[in-house]
Amino acid sequence: MLRFTLHYGIHFLVPIIVAFYFFKGQSLKIALFLLLGILIDVDHLLATPIFDSNRCSIGFHPLHSYWAIFMYTLFLFFKKTRILGLALMIHILADTVDCIMLFLQSK
């Protein structure tokens, strides 16, 4: 239950908190955009099975690959792509925490 709460809490609460704390005046617009970071999960459609609660997404799905994560990190350095990079990195953070919890659960 803790793994589920952390994973989805980061996916849905962290973007809202970040938007309202750091982007006053544009909070709602930024929050919605940050929440759209979850769209990179479309790459799960390429996997069989599509959903496996015991699979770590990081390094498995194309949009969760290390090369993709490197690109998302680069997005943070450019003003035009910074919000997109933040949305994607929040998503990667959620999935990384999920992978860590999965690893700890297996021990």
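You'll find the structure just up there.
Residues numbered from 1 in each chain as written. Predicted model: local features only at pLDDT ≥ 70, side-chain atom pairs only at ≥ 80, totals over all residues. Heavy atoms only, no water.

Turning our attention to the state of the cysteines. All chains considered together, the criterion is met by 1 disulfide. The partner cysteine of C56 in its disulfide is C99, sulfur to sulfur 1.9 Å. Residues C56 and C99 are joined by a disulfide whose S-S torsion is about 95°; by sign, that bridge is right-handed. You can see C56 sitting in the loop between α2 (27-35) and α3 (66-75) and its partner C99 sitting in helix α4 (residues 82-106), a full 43 residues away along the chain. Looking at C99, the relative accessible area reads 12%, which means it is buried. (Disulfide = S-S within 2.5 Å. Helix = DSSP H or I, 4+ residues; strand = E, 2+ residues; numbered from the N terminus. Buried < 20%, exposed > 50% of the residue type's maximum accessible area, 1.4 Å probe, protein only.)

The set of residues buried in α3 consists of A68, I69 and Y72. All buried residues of α3 fall inside an arc of 100° around its axis, so they share one side. Of the residues in α3, the exposed ones pointing more than 90 degrees away from the buried face are Y66 and W67. Buried positions along α3 lie against α4. (Arc of directions from axis to C-beta. Contact = heavy atoms within 4.5 Å.)

Turning our eyes to something else, we now look at the layout of surface pockets. When its volume is computed, the largest pocket comes out at roughly 350 Å³. Residue lining of the largest pocket: 17 residues in total, with H7, Y8, F51, S53 and D98 positioned closest to the centre. Of all the elements in the fold, those that place two or more residues in the lining of the largest pocket are α1 (2-22) and α4. It is α1 that provides the largest number of residues to the lining of the largest pocket, a total of 6 residues. (1 Å grid on protein atoms, 1.4 Å probe; cavity = no way out; pocket = protein on both sides within 12 Å on 5 of 7 lines; lining within 4 Å. Points joined across faces, edges and corners; volume = space filled by probe spheres on them.)

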